[in-house]
Amino acid sequence: LAQKYDPQKEAELRTWIESVTGKQIGPDFQKGLKDGVILCELMNKLQPNSVRKINRSAQNWHQLENLSNFIKAMASYGMNPVDLFEANDLFESGNLTQVQVSLLALAGMAKTKGLQSGVDIGVKYSEKQQRNFDEAKMKAGHCVIGLQMGTNKCASQSGMTAYGTRRHLYDPKNQILPPMDHSTISLQMGTNKCASQVGMTAPGTRRHIYDAKMGTEKCDNSSMSLQMGSNQGANQSGQVFGLGRQIYDPKYCPQGSQGEVANAASDQSGDPPGYHYYREEEEE
């Protein structure tokens, strides 16, 4: 904060305060304003009766009271709260940079309110420009799109190709050569150069699952791998086409009673029970 303190601004403030109040600050700027007497007289010159009581005692609390009254008078004069300083900033030299900023803002506010002085110091505050529009004017403004929404003014279709045609990926400003032919496809689109159908089988034919580079032997085209399944060792034993299939096995069926076995033995056919068929020799 001490590095931001400007000695040139201090000299300008000294001249301005002395010209307005008619009082001499002295060689030390901080000690001359420490008691708050000159500052309170400055505020009464800018705004009469803004500080009604000025303590001229050498007591510390009287001097702090003068500084507090001066700060309150600056706030009522129209100063922004961020531009004010605290009493200890000047009394104890805690922040002389903020004191300088506040006094420069006070000079700018005095210039804004029309104070004429022999020293041009401070920045004049901007004045509020309030405009009053009637109701019809306000309704008409609802139909206007502000420039914050964007605008198409000064826009053209220069350089745009027709709809449905190809856009070229080059910029003449960057000294990139234009394409030689509109039918030329850039390499960024991919290329089929150096591509062939070597090793490709005809559509609908079988592809061999072996690689000649890996030394894998070529399989017979008529042989099916066991991975595809096998019908070796399979027969049609026990299959009955078009007839009812028995859901029992006579080998595992329980045997009948003794009477049934005797009746089966006396049967002329001599066939085991449960089996009836015609003998071709007997029929002949």
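A quick note: this is a predicted structure, and the numbers were derived from the prediction, not measured.

Moving on: empty space enclosed by the protein. By the definition in use, this model includes one cavity of 30 Å³ or more. There is about 40 Å³ of room inside the largest cavity. What lines the largest cavity is Y5, F29, Q30, L90, L96, V99 and Q100. Only α2 (29–33) and α6 (96–112) provide two or more residues apiece to the lining of the largest cavity. Looking at the lining of the largest cavity element by element, the count peaks at three residues for α6. Residues belonging to the lining of the largest cavity are distributed by class as follows: five nonpolar, two polar and no charged.

This part takes up the side chain of R14. By the element assignment, R14 lies in helix α1 (residues 7–21). Look at R14 and you get buried, because its relative accessible area is 18%. Beyond its immediate stretch of four places on either side in the chain, R14 contacts I25, G26, P27, D28 and F29.

For the rest of this paragraph, the subject is the packing of aromatic side chains. Inspection of every chain in the model, using the stated rule, returns one aromatic pair. Geometrically, the ring pair formed by F70 and F85 is tilted, given 6.3 Å between the ring centres and 45° between the ring planes. Note that F70 is positioned in helix α4 (residues 60–77) and F85 in the loop between α4 and α5 (87–91), a separation of 15 residues in sequence. Like F70, the residue F85 is buried in the burial classification. The cationic tip of K34 hangs over the ring face of F91; the distance from NZ or CZ to the ring centre is 4.8 Å. In this structure, K113 packs its charged tip against the face of Y77, placed 3.9 Å from the ring centre.

This part covers the pattern of salt bridges. In the structure shown here, the tally under the stated rule is three salt bridges. Ionic pairing is found between E10 and R14, a salt bridge with its closest N-O pair at 3.5 Å. Here E10 pairs with R14, and both are found in helix α1, just four residues apart, close to one helical turn. Across the pair K139 and E135 runs a salt bridge whose closest N-O atoms are separated by 3.5 Å. Taken together, the residues K139 and E135, both in helix α7 (residues 135–141) and four residues apart, mark about one turn of the helix. K139 sits in the exposed class, given a relative accessible area of 51%. A residue is classified by how much of its surface remains accessible, and E135, at 58% relative accessible area, is exposed.

Moving on: the packing of α1 against α6. Contact geometry of α1 with α6 gives a least axis separation of 11 Å together with a crossing angle of 50°. Taken as axis vectors, α1 and α6 run oblique relative to one another. Of the two possible hands of crossing, α1 and α6 adopt the one that is left-handed. Contacts between α1 and α6 involve K9, E10, L13, W16 and I17 on the former and, on the latter, Q100, L103, L104, L106, A107 and A110.

One finds W16, L33, M43, F70, M74, L103 and L106 to be the most contacted residues of the largest nonpolar core, which totals 35 residues. Among all residues touching M43, those that are not within four sequence positions of it are S50, V51, F70, A73, M74, Y77 and L106.

Over its 17 residues, α6 extends 24 Å from the first C-alpha to the last, a length consistent with the 24 Å expected when each residue adds 1.5 Å. Along α6, the residues classified as buried are T97, V99, Q100, S102, L103, A105, L106, A107, G108, M109 and A110. Immediately beyond the C-terminal end of α6, within one or two residues, lies G114, with a positive phi of roughly 95°.

Cut-offs and rules
- Residues numbered from 1 in each chain as written.
- Predicted model: local features only at pLDDT ≥ 70, side-chain atom pairs only at ≥ 80, totals over all residues.
- Heavy atoms only, no water.
- 1 Å grid on protein atoms, 1.4 Å probe; cavity = no way out; pocket = protein on both sides within 12 Å on 5 of 7 lines; lining within 4 Å.
- Points joined across faces, edges and corners; volume = space filled by probe spheres on them.
- Helix = DSSP H or I, 4+ residues; strand = E, 2+ residues; numbered from the N terminus.
- Nonpolar A, V, L, I, M, F, W, Y, C, P; charged D, E, K, R; others polar.
- Buried < 20%, exposed > 50% of the residue type's maximum accessible area, 1.4 Å probe, protein only.
- Contact = heavy atoms within 4.5 Å.
- Phe/Tyr/Trp six-rings, centres within 6.5 Å; stacked < 30°, edge-to-face > 60°.
- Lys NZ or Arg CZ within 6 Å of the ring centre and 35° of its normal.
- Salt bridge = Lys/Arg side-chain N within 4 Å of Asp/Glu carboxyl O.
- Axes fitted to C-alpha atoms, helices over the stretch in contact; angles between N-to-C directions.
- Parallel < 35°, antiparallel > 145°, perpendicular 65-115°, else oblique.
- Left-handed = near helix turned anticlockwise from the far one by under 90°.
- Core = buried A, V, L, I, M, F, W, Y, C linked by side-chain atoms within 4.5 Å.
- Expected span 1.5 Å × (residues − 1).

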